[in-house]
Amino acid sequence: MKYTLDVGLGDRSYPIFIEDGIMATVGADLAKRKIAKRFAVIADDNVARLYGSTLMRSLSEAGIAAELLTFPQGEASKNLQVFAGLASRLAQLGIDRKDGLIALGGGVTGDLTGFLAASYLRGLPFVQVPTTLLSQVDSSVGGKTGVDLPEGKNLVGAFYQPEVVYIDTAVLTTLPLGELIGGLAEVIKYGVIRDFDFFVFLERHLDQILCLEQASIQQMIFTCCRIKAEVVAEDERESDIRRILNFGHTIGHAVEAASDYSIIHGMAVAIGMVAALRLAVACELCKKSDAGRVAALINAYGLPTEIPADLDRQRIKKYLLTDKKTVAGSVFYVLPTTIGKVLITNEVSEAQLESVLQKR
């Protein structure tokens with residue numbers, strides 16, 4: 001089955017295509033769209049090994065010239081040094097404003113490539129071909145791009161939308177189990193922040209989703225993309241409603257950074273969601289039963305719910321204060337009021353935060 005939806009942003013609107021095996025037809029579709037005369041395909045070395053030949057063959061068969069550029073896999077590569085190295089490679093290849101970029105990979109690749117597209121020659125068109133569950137349901141949609149600094153995640157970047165997103169659900173079968181499970185944290189997020197019925201769907205279809213049953217997986221990814229597309233269309237640059245997409249990310253990003261990125265993003269977000277649920281209960285915003293139900297689903301999908309005991313709590317607090325969502329020294333949290341609704345608040349006391357961060 002094939003799903004299609006649009007991210008409605010006026011003259012910057014773009015389609016999302018979700019289909020098993022779509023990577024093999026990316027070239028034919030791009031040829032019709034005439035986005036660029038040639039492309040630089042950017043992928044980490046592992047994804048290039050797995051899928052590079054499939055995408056490059058698709059482009060070649062459609063008569064589209066392309067070069068494949070790689071970098072070392074992992075969050076540690078999402079930095080200004082790797083960014084600069086890739087930019088230099090574009091210059092060496094003579095990439096010009098009639099050319100474009102394709103991000104082939106997960107969130108790191110999408111963020112790096114999008115920031116390159118926004119910056120190189122002050123703007124090139126780019127395309128997303130996400131290959132992880134996390135990037136398929138979240139980071140490939142919405143135009144957030146950027147890199148990390150030693151001081152925190154995603155502190156340098158830009159809002160820059162892709163031209164089209166191709167989501168091939170077949171690639172999920174080659175994902176390491178940890179990467180697949182990590183992506184489910186972002187999936188659960190959508191049910192908590194916006195759609196109670198979707199949350200129930202995730203409860204009822206847990207076995208099918210974990211077994212990668214295609215009908216359930218495609219419906220799940222479509223629903224996540226639909227919710228994100230709706231939110232982005234309402235608030236592209238995160239001045240208001242889009243901030244709800246950060247549920248679990250404020251503490252999650254701090255945990256991820258404090259672990260020196262040994263905890264992958266999805267796992268950190270799961271920990272951050274449970275911490276946010278506990279904050280919501282402590283602030284008397286959310287029923288303990290609702291918070292427990294969400295935490296139970298997070299646990300049922302094999303995701304962590306506790307901050308590791310050996311992780312330095314002071315480092316976590318330091319990264320909280322450098323989070324890009326912090327305003328005038330005040331940390332803002334996305335806290336559930338019930339399953340399907342959240343609010344954004346900075347009215348969290350030091351004691352309440354300490355109670356959530358304490359070792360258990």
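In this report, the structure presented in the accompanying data block is examined. (Residues numbered from 1 in each chain as written. Predicted model: local features only at pLDDT ≥ 70, side-chain atom pairs only at ≥ 80, totals over all residues. Heavy atoms only, no water.)

**A closer look at the pattern of salt bridges**
So, point 1. Scanning the entire structure with this criterion turns up 24 salt bridges.
So, point 2. Here Asp99 makes a salt bridge to Arg38, at a shortest N to O gap of 3.1 Å. Here Asp99, found in the loop between helix 3 (80–92) and strand 5 (100–105), pairs with Arg38, found in strand 3 (residues 38–44); they are 61 residues apart in sequence, far enough to count as distant.
So, point 3. Salt-bridge contacts for Asp138 lead to Lys228; the nearest nitrogen and oxygen are separated by 3.5 Å. Taken together, the positions of Asp138 in helix 5 (residues 133–139) and Lys228 in helix 9 (residues 214–234) put the pair 90 residues apart, joining distant regions of the chain.
So, point 4. By relative accessible area, Lys228 is classed as buried at 5%.
So, point 5. A cluster of three or more residues bridged by salt bridges with shared partners is formed by Glu75, Lys78, Asp111, Asp148, Lys153 and Glu256. (Salt bridge = Lys/Arg side-chain N within 4 Å of Asp/Glu carboxyl O. Helix = DSSP H or I, 4+ residues; strand = E, 2+ residues; numbered from the N terminus. Buried < 20%, exposed > 50% of the residue type's maximum accessible area, 1.4 Å probe, protein only.)

**Looking at unusual backbone geometry**
So, point 1. Backbone geometry places Asn154, a non-glycine residue, at a positive phi of 55 degrees.
So, point 2. Looking at the element boundaries, Asn154 is found in strand 8 (residues 152–159).

**Looking at the pairing of strand 6 (residues 126–130)**
Within a regular strand, the side chains alternate between the two sheet faces.
So, point 1. Here strand 6 lies mainly inside the structure; five of its five residues are buried.
So, point 2. Residue alternation in strand 6 divides its side chains into two sets, Phe126, Gln128 and Pro130 and Val127 and Val129, and both sets are buried.
So, point 3. Relative to strand 6, strand 5 is paired through five bridges, and the arrangement is parallel. Bridging from a neighbouring strand, Ile102 pairs with Val127 of strand 6.
So, point 4. Taken together, strand 5, helix 4 (residues 107–119) and strand 6 form a β-α-β motif whose crossover is right-handed. (Pairing = 2+ DSSP bridges. Right-handed = clockwise from strand over helix to strand, strands pointing away.)

**Focus: empty space enclosed by the protein**
So, point 1. Across all of its chains, the model carries three cavities of 30 Å³ or more by this definition.
So, point 2. In this model, the largest cavity occupies a volume close to 70 Å³.
So, point 3. Lining the largest cavity are 10 residues, with Gly152, Lys153, His253, Tyr319 and Asp323 positioned closest to its centre.
So, point 4. Elements with a minimum of two residues in the lining of the largest cavity: strand 8 and helix 10 (249–258).
So, point 5. Its residues assigned to classes, the lining of the largest cavity shows four nonpolar, three polar and three charged.
So, point 6. Volume-wise, the second largest cavity comes out at about 60 Å³.
So, point 7. The element best represented in the lining of the second largest cavity is helix 11 (residues 265–282), accounting for three residues. (1 Å grid on protein atoms, 1.4 Å probe; cavity = no way out; pocket = protein on both sides within 12 Å on 5 of 7 lines; lining within 4 Å. Points joined across faces, edges and corners; volume = space filled by probe spheres on them. Nonpolar A, V, L, I, M, F, W, Y, C, P; charged D, E, K, R; others polar.)

**Section: the nonpolar core**
So, point 1. One finds Leu133, Ile188, Leu202, Met220, Ile221 and Leu303 to be the most contacted residues of the largest nonpolar core, which totals 83 residues.
So, point 2. By residue number, the principal contributor to this core is helix 11, which donates 12 residues.
So, point 3. Sequence-distant contacts of Leu133, defined by excluding residues within four places in its chain, comprise Leu172, Leu175, Leu180, Gly183, Leu184, Val187, Met220 and Ile221.
So, point 4. Counting 23 residues, the second-largest nonpolar core is a separate cluster that includes Ala36, Ala43, Val47 and Val171. (Core = buried A, V, L, I, M, F, W, Y, C linked by side-chain atoms within 4.5 Å. Contact = heavy atoms within 4.5 Å.)

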